[in-house]
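Structure at a glance
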Amino acid sequence: MNVPMLDLQAQHETIKADVMARVASVVERQQFIMGPEVGELECQVAGLCQVPYAIGCASGTDALLLPLKTLDLQPGDEVITTAFTFFATAGAIHNAGGTPVFVDIDPVTFNIDPDAIARAITPRTRAMVVVHLYGQMAAMERILPVAAAAGLPVIEDAAQAIGARRQVDGAWRMAGELGHVGTISFFPSKNLGGWGDGGMMVCRDEALATRLARLRLHGGARQYHHDEVGFNSRLDALQAAVLLAKLPHLANWSAARRERAARYDRLLGEVPGVVTPVVDPANEAIFHQYTIRVPRRDALREHLTARGIASMVYYPVALHRQPCFAHLQPIAGGLPHTEQAMAEVISLPIYPELTDAQQDAVVMAIREFLA
Ligand SMILES: *Cc1c(COP(=O)(O)O)cnc(C)c1O
């Protein structure tokens, strides 16, 4: 049986009429740059994230770059982050003029270890970028006090976590809500994906929101008047239109992913050798990925591929192992949990439209391999 990682065609079939109507209205109006759809989507995403401000931009990568640019990093300024993430997290730190300092993960959730952050703070530390990996939030209630004590801003990379939430002091807090800035990606394979690149920044501070909105328009609040040098990093009105049609479905899609994840948990929980993903009890995850640990991971991937079953390794080479970051000073004690995760993780197909029969085929193939 053929089981893809993601089935965007199946999703499109269910929303085709709405999304095509939204797109058609942009085409009729011909206002492709900063059309009203952008502001409308910003309003809705701000509401979802429980913050007053959301600023659209060209990608999830730029959503990280722009807030990092506001820090005016000088050579040698350090930004603490995880090495177990997509490249953009650290690429943006570098491109903003900072030096990424990679710390280890919590081996249970794969998210950055708050104690490791505390140990890595030096007089050169200027910020930290926390990633909510695979769709569950990092331990914000432990990270924020560490950051506050050192006077450091926290950027939440919520590219994989739109709509994920965590119980903090008895209240549900959204991914992106508690940091200085939260960043979202609308890359097509993300849980809320456009028809191309797109991103958004969310925040609670009005002055910061104003600066971010300016930075995406070449640093000028008024056209042809430039207060600082910014970027061309706008969210296309066409992308905003697609996303506006999809956003009302996001909660149901996330619930369906959780339901599929629970079914995988039941079916794989009894299979010797498989470690199923652990969701921190404080979290409601959105399962951007369903990632297990297995022995002989690469051989399992080949076994699945031969049976038409897709799988992915996020991430086979953590960022501290990338040639472009080889010159960086490694952290004392290294990153043992990151190294082990890189060798053992494999992400299985998960999406709302995944059928029982497809899921059974995935599980059967894994059982067969480990038998
Ligand atoms: C996808 C992703 C990004 C980058 O988003 P783009 O929209 O592809 O630029 C950044 N960080 C993480 C963790 C991601 O998964």
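The model shown is predicted, which means the values in this text are computed figures rather than measured ones.

Turning to the sheet that holds strand E6 (residues 165-168), a few remarks are in order. The 3 strands are arranged E7-E6-E10 in an open sheet whose pairing can be described as antiparallel. A single partner strand is all that each edge strand has here, and the edge strands are strand E7 (171-174) and strand E10 (283-284). Of the strand pairs in this sheet, E6 and E7 are connected by 4 bridges, and their pairing is antiparallel. Residue pairing in the sheet places Arg165 in a bridge with Met174 of E7.

Attention shifts here to the site of the ligand. The environment of the ligand is formed by 15 residues, the closest being Gly60, Thr61, Asp157, Ser185 and Lys190. Asp157 places a polar side-chain atom, nitrogen or oxygen, 2.7 Å from a nitrogen atom of the ligand. Within the side chain of Gln160, one N or O atom sits 2.8 Å away from an oxygen atom of the ligand. Of all the cavities here, the one that holds the ligand is the largest pocket.

Our focus in this paragraph is the domain arrangement of the protein chain. You can read the domains of the protein chain as domain 1 (8-103 + 111-248) and domain 2 (250-370). Computed over C-alpha atoms, the centres of domain 1 and domain 2 are 24 Å apart. Domain 1 puts 40 residues into the contact, and the matching count from domain 2 is 30 residues. For the pair domain 1 and domain 2, the two sides together bury roughly 3100 Å², of which 63% comes from carbon and sulfur. Among the residues domain 1 hides against domain 2, the three largest losses belong to Phe84, Tyr134 and Asn191. Together they make up 25% of the total. Counting across the interface, domain 1 meets domain 2 through 2 salt bridges. A salt bridge links Arg165 to Glu284, with the shortest nitrogen-to-oxygen separation between them at 3.0 Å. Across the domain 1-domain 2 interface, the total number found is 17 residue pairs in polar contact (both at pLDDT 80 or more). Breaking the side of domain 1 that touches domain 2 down by element, the ones donating at least two residues are helix H1 (8-29), helix H4 (88-95), strand E3 (99-103) and E6. The element best represented in the side of domain 1 that touches domain 2 is E3, accounting for 5 residues. Each residue belonging to the side of domain 1 that touches domain 2 can be placed in one class, and the counts come to 23 nonpolar, 13 polar and 4 charged.

All right, on to the pattern of salt bridges then. Evaluated as defined, the whole model comprises 24 salt bridges. Note that Lys16 is salt-bridged to Glu13, the shortest N-O span being 3.4 Å. Note that Lys16 and Glu13 are positioned in helix H1 at a spacing of 3 residues, about one turn of the helix. You can call Glu13 exposed: its relative accessible area is 53%.

Our focus in this paragraph is the layout of surface pockets. Its boundaries defined by the atoms lining it, the largest pocket holds a volume of some 530 Å³. Every residue lining the largest pocket is counted, 29 residues in all, and those nearest its centre are Gln160, Phe187, Ser189, Lys190 and His288. Breaking the lining of the largest pocket down by element, the ones donating at least two residues are helix H3 (60-69) and H4. Of the residues forming the lining of the largest pocket, the biggest block, 3 residues, is contributed by H3. Along the lines of polarity and charge, the residues of the lining of the largest pocket split into 13 nonpolar, 12 polar and 4 charged. Domain assignment of the residues forming the lining of the largest pocket places at least three in each of domain 1 (8-103 + 111-248) and domain 2 (250-370).

This brings us to the nonpolar core. Counting residues in each nonpolar core, the largest one holds 24 residues, and the members touching the most others are Tyr264, Leu268, Tyr290, Ile292, Leu304, Leu348 and Ile366. Among the elements of the structure, helix H9 (250-268), strand E11 (290-293), helix H10 (297-306), strand E12 (345-348) and helix H12 (356-370) are those that each provide at least two residues to this core. Those residues in contact with Tyr290 that lie beyond four places of it in its chain are Ala261, Tyr264, Asp265, Leu268, Thr276, Pro277, Ile346, Ser347, Leu348 and Ile350.

With that settled, the discussion passes to the packing of H3 against helix H7 (residues 206-215). Running from N to C, H3 and H7 point in directions that differ by 120°, and their axes come no closer than 10 Å. As the angle between them shows, H3 and H7 are arranged oblique. For the element pair H3 and H7, the recorded crossing hand is right-handed. Across from Leu66, Pro67 and Lys69 in H3, the residues of H7 making contact are Arg211, Leu212 and Leu215. Of the residues belonging to the contact of H3 with H7, the class tally is 4 nonpolar, no polar and 2 charged.

Rules behind the numbers
Residues numbered from 1 in each chain as written. Predicted model: local features only at pLDDT ≥ 70, side-chain atom pairs only at ≥ 80, totals over all residues. Heavy atoms only, no water. Pairing = 2+ DSSP bridges. Helix = DSSP H or I, 4+ residues; strand = E, 2+ residues; numbered from the N terminus. Near = heavy atom within 4 Å. Polar contact = N/O pair within 3.5 Å; in protein donor to acceptor, adjacent residues only side chain to side chain. 1 Å grid on protein atoms, 1.4 Å probe; cavity = no way out; pocket = protein on both sides within 12 Å on 5 of 7 lines; lining within 4 Å. Sits in = over half its atoms within 2 Å of the grid points. Domains from an automatic or database assignment. Contact = heavy atoms within 4.5 Å. Buried area = accessible area lost by both parts, 1.4 Å probe. Salt bridge = Lys/Arg side-chain N within 4 Å of Asp/Glu carboxyl O. Nonpolar A, V, L, I, M, F, W, Y, C, P; charged D, E, K, R; others polar. Buried < 20%, exposed > 50% of the residue type's maximum accessible area, 1.4 Å probe, protein only. Points joined across faces, edges and corners; volume = space filled by probe spheres on them. Core = buried A, V, L, I, M, F, W, Y, C linked by side-chain atoms within 4.5 Å. Axes fitted to C-alpha atoms, helices over the stretch in contact; angles between N-to-C directions. Parallel < 35°, antiparallel > 145°, perpendicular 65-115°, else oblique. Left-handed = near helix turned anticlockwise from the far one by under 90°.

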